[in-house]
2 protein chains.
Amino acid sequence: MKIFIVHAHPEPQSFCSAMKDTAAETFQHLGHEVQVSDLHQMKWNPVASGNDFGVRSQPDYLVYALEQRESYKSGQLSPDIQAEIEKLKWCDLLIFNFPMYWFSVPAILKGWIDRVFVSGFCYGGKRFYDQGGLKGKKGLLAFTLGGREHMFGEDKIHGEMQTMLRPLLRGSMAYVGLTVLPPFIGWHVPYISNEDRQTLLKEYREYLTNLDQLDPLSFPSLDDFDEKMMPKIQR
Amino acid sequence: MKIFIVHAHPEPQSFCSAMKDTAAETFQHLGHEVQVSDLHQMKWNPVASGNDFGVRSQPDYLVYALEQRESYKSGQLSPDIQAEIEKLKWCDLLIFNFPMYWFSVPAILKGWIDRVFVSGFCYGGKRFYDQGGLKGKKGLLAFTLGGREHMFGEDKIHGEMQTMLRPLLRGSMAYVGLTVLPPFIGWHVPYISNEDRQTLLKEYREYLTNLDQLDPLSFPSLDDFDEKMMPKIQR
């Protein structure tokens, strides 16, 4: 198996960074291949802009998704984006490894999604959800947060964690066709003892070793909906 | 009333940018004061990192929220963050104006939230949800998207829009204490005629003119939950 970890923590000594290392070591030990994009180390640019395209099909008016599609087709995407797309194509499993900021990914990782999940490859036209461009690959969120598990749930202060994660699980990963595995969550990490952190890493190793036994999350299929959802562009 | 618009579209001629201008003009016409942070124009840095703090309380190990709290207290936050905090303090109404990317804000705006909603001012300790630091102020999402309204709903392909927006509405705006108004949504914008776009701008003007008559969204109150949710930090 080929695993691509996109990692987004600013502190290399953090527990979150240790999760990234644990994942890489666990998979390599199992005989798998691993590539890591450490976004802070790479000084990844998260800002989607006209600079992402070599030649613009509309130089005087930027429609970002349209230029993505054209530039992907003509091989004119910015080299930093193209390099990430190659890793995406290569992998069987994509892992986002991050500290939860505002019930979502940090901006540096959001900007990886904005710029790398390009129209024309990952989605576009009828290419979304179970027909998405990354169909056949798996996706996994692995993240840390300050909150405790008992703060989440239907009648709890933050509501359901899976609902908070919906734009990521359903709106991003499932949208591009990934088979989405249940997230691995490092609860309450800034507040627990180092011993409990070691236990958590051990649990993560076991989780990754037994990925095949996990039931993926379930999302809608395009077959359940009709054609009128497919709009034509008007400019 | 004092209105602070945080705007995040890379194309100044876009419909989304026209929404920002429409809001500014509408409020000024009504005799209100307006400030705009145009993040692309400002070349806003969205990446939360150790560079955000003048003096670090822990120079060799970055805990971002902890350094936010210390630096906010000591006035050592990076000047670009401090300037946005002043606008936040000044305003009665905060508007995020953006094109929806991946059922969320673009990374440049996510990074505004990550860096400007600082611990120690906007949240921290028992300062969250209805006790959040921005209590008494209002918040509003105003955004455009390619999707159509009929793609959203309980049994529709993308599910409920409000659920997709939960990390923003509840997890960010309500979390820092804002009274959250119902979002204004520019549906299907890349695909509609210029005439329909003008109608949409007119609807937005009417929406903003009658903001006082809108019922805010409803979120949990801290009073409904007990003290054990308040953790002590362990390092």
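Parameters and conventions
- Residues numbered from 1 in each chain as written.
- Chains lettered and ligands numbered in written order.
- Predicted model: local features only at pLDDT ≥ 70, side-chain atom pairs only at ≥ 80, totals over all residues.
- Heavy atoms only, no water.
- UniProt positions renumbered as here; feature names shortened; annotations may be inferred.
- Helix = DSSP H or I, 4+ residues; strand = E, 2+ residues; numbered from the N terminus.
- Expected span 1.5 Å × (residues − 1).
- Contact = heavy atoms within 4.5 Å.
- Buried < 20%, exposed > 50% of the residue type's maximum accessible area, 1.4 Å probe, protein only.
- Salt bridge = Lys/Arg side-chain N within 4 Å of Asp/Glu carboxyl O.
- Least-squares fit on C-alpha atoms with pLDDT ≥ 70 in both.
- Buried area = accessible area lost by both parts, 1.4 Å probe.
- Polar contact = N/O pair within 3.5 Å; in protein donor to acceptor, adjacent residues only side chain to side chain.
- Axes fitted to C-alpha atoms, helices over the stretch in contact; angles between N-to-C directions.
- Parallel < 35°, antiparallel > 145°, perpendicular 65-115°, else oblique.
- Nonpolar A, V, L, I, M, F, W, Y, C, P; charged D, E, K, R; others polar.
- Core = buried A, V, L, I, M, F, W, Y, C linked by side-chain atoms within 4.5 Å.
- Phe/Tyr/Trp six-rings, centres within 6.5 Å; stacked < 30°, edge-to-face > 60°.
- Lys NZ or Arg CZ within 6 Å of the ring centre and 35° of its normal.

The name that an unreviewed UniProt entry assigns to chain A is NAD(P)H dehydrogenase, with the source organism given as Polynucleobacter cosmopolitanus. Under the Sequence similarities (unreviewed entry) heading, UniProt states for chain A: "Belongs to the NAD(P)H dehydrogenase (quinone) family."

## Observations regarding helix H7 (residues 194-209) of chain B
An ideal rise of 1.5 Å per residue puts 22 Å on 16 residues; H7 of chain B measures up with 23 Å between its terminal C-alpha atoms. Among the structural elements, helix H1 (15-29), strand S3 (93-99), strand S4 (138-144) and strand S6 (184-186) of chain B are those in contact with the buried residues of H7 of chain B.

## Regarding helix H2 (residues 64-74) of chain B
Residues and elements named next belong to chain B. What H2 keeps buried is the set Tyr64, Leu66, Glu67, Gln68, Ser71 and Tyr72. Taken together, the buried residues of H2 touch helix H3 (79-90) and helix H4 (107-116). Within two residues after H2, Gly75 carries a phi angle of roughly 70 degrees, on the positive side.

## Remarks on the pattern of salt bridges
In this structure the tally under the stated criterion is twelve salt bridges over all chains. Salt-bridge contacts for Glu84 of chain B lead to Lys87 of chain B; the nearest nitrogen and oxygen are separated by 2.8 Å. Here Lys87 of chain B and Glu84 of chain B lie together in helix H3, a separation of three residues that amounts to about one turn. On the accessibility criterion, Glu84 of chain B (1% relative accessible area) is buried. Here the salt bridges do not stand alone but share partners, grouping Asp52, Asp80 and Arg115 of chain A into one network.

## Points about the relation of the copies chain A and chain B
When chain A is brought onto chain B, the operation consists of a screw motion whose angular component is 180 degrees and whose axial shift is 0.0 Å, with 0.0 Å RMSD remaining. Put plainly, the chains are arranged around a two-fold axis. Rotation axis and chain A: the residue whose C-alpha lies nearest the axis is Ala107 of chain A, separated from it by 2.4 Å. Comparing interface residues between copies, 100% of those in chain A also sit at the interface in chain B, which points to an isologous, same-surface contact.

## Focus on the interface of chain A and chain B
At the junction of the two partners, chain A supplies 65 residues and chain B supplies 65 residues. In this assembly, chain A packs against chain B so that about 5200 Å² is buried in total across both faces, 66% of it on carbon and sulfur atoms. Of all residues in chain A, Trp102, Ile157 and Tyr191 of chain A bury the most surface against chain B, accounting for 17% of the area lost on that side. In this structure, the connection of chain A to chain B is made through zero salt bridges. Run the count over chain A and chain B and you get 16 residue pairs in polar contact (both at pLDDT 80 or more). Among the elements of the structure, helix H4 (107-116), helix H5 (161-164) and helix H6 (166-174) of chain A are those that each provide at least two residues to the side of chain A that touches chain B.

## Focus: the environment of Arg205 of chain A
All names here are of chain A. Within the fold, Arg205 resides in helix H7 (residues 194-209). Distance in space between the C-alpha atoms of Arg205 and Pro79 is 34 Å, their sequence separation being 126 residues. With near-sequence residues (within four places) excluded, Arg205 lies in contact with Thr22 and Thr26.

## Overview of unusual backbone geometry
Residues and elements named next belong to chain A. In this structure, Trp102 is a non-glycine residue whose phi angle is positive, near 55 degrees. Residue position: Trp102 is located in the loop between strand S3 (93-99) and H4. Positive phi is not limited to glycine here, since Phe103 has a value of about 55 degrees. Assessed through its relative accessible area of 9%, Phe103 is described here as buried.

## Here we look at the packing of H4 of chain A against H4 of chain B
Where H4 of chain A meets H4 of chain B, the axes come as close as 8 Å, and the angle between the chain directions of the two elements is 170 degrees. Judged by the angle between their axes, H4 of chain A and H4 of chain B are roughly antiparallel. Across from Ala107, Lys110, Gly111 and Asp114 of chain A in H4 of chain A, the residues of H4 of chain B making contact are Ala107, Lys110, Gly111 and Asp114 of chain B. Here the contact of H4 of chain A with H4 of chain B is composed, by residue class, of two nonpolar, two polar and four charged.

## Some details on the environment of Leu165 of chain A
Residues and elements named next belong to chain A. For Leu165, the position within the fold is in the loop between H5 and H6. The class of Leu165 is buried, set by a relative accessible area of 1%. The sequence separation of Leu165 and Phe103 amounts to 62 residues, and the corresponding C-alpha distance is 7.1 Å. Filtering out sequence-adjacent residues up to four positions away, Leu165 remains in contact with Met100, Leu141, Phe143 and Pro183.

## Considering the nonpolar core
In this structure, Phe96, Trp112 and Phe117 of chain A together with Phe96, Trp112 and Phe117 of chain B are the most contacted members of the largest nonpolar core, which totals 116 residues. Setting aside its immediate chain neighbours within four residues, Phe96 of chain A contacts Val6, Leu109, Trp112, Ile113, Phe117, Leu140, Leu141, Ala142 and Met173 of chain A.

## What to know about the UniProt feature "domain: Flavodoxin-like fold" (unreviewed entry) in chain A
In this structure's numbering, the residues bearing the UniProt feature "domain: Flavodoxin-like fold" (unreviewed entry) are residues 1-208 of chain A. Overall, residues 1-208 of chain A shows 37% helix and 15% strand. The separation of its end C-alpha atoms is 12 Å.

## A look at the packing of aromatic side chains
Per the counting criterion, the structure on display carries 40 aromatic pairs over all chains. Between Phe117 of chain A and Trp102 of chain B the ring centres are 5.5 Å apart and the planes differ by 70 degrees, which places this aromatic pair in the edge-to-face class. One end of the pair, Phe117 of chain A, is in the loop between H4 and strand S4 (138-144); the other, Trp102 of chain B, is in the loop between S3 and H4, on a second chain. One exposure class covers both Phe117 of chain A and Trp102 of chain B, and it is buried. On the basis of an interplanar angle of 40 degrees and a centroid distance of 5.5 Å, the ring pair of Phe128 of chain A and Tyr129 of chain A is categorised as tilted. Taken as a pair, Phe128 of chain A and Tyr129 of chain A share a single burial class, namely buried. Grouped by ring-pair contacts, the aromatic residues Phe4, Phe96, Trp112, Phe117, Tyr123, Phe128, Tyr129 and Tyr175 of chain A together with Trp102, Phe103, Phe152 and Trp187 of chain B constitute a single cluster. Stacked on the ring of Phe121 of chain A, the Lys or Arg Lys89 of chain A has its end atom at 5.1 Å from the ring centre.

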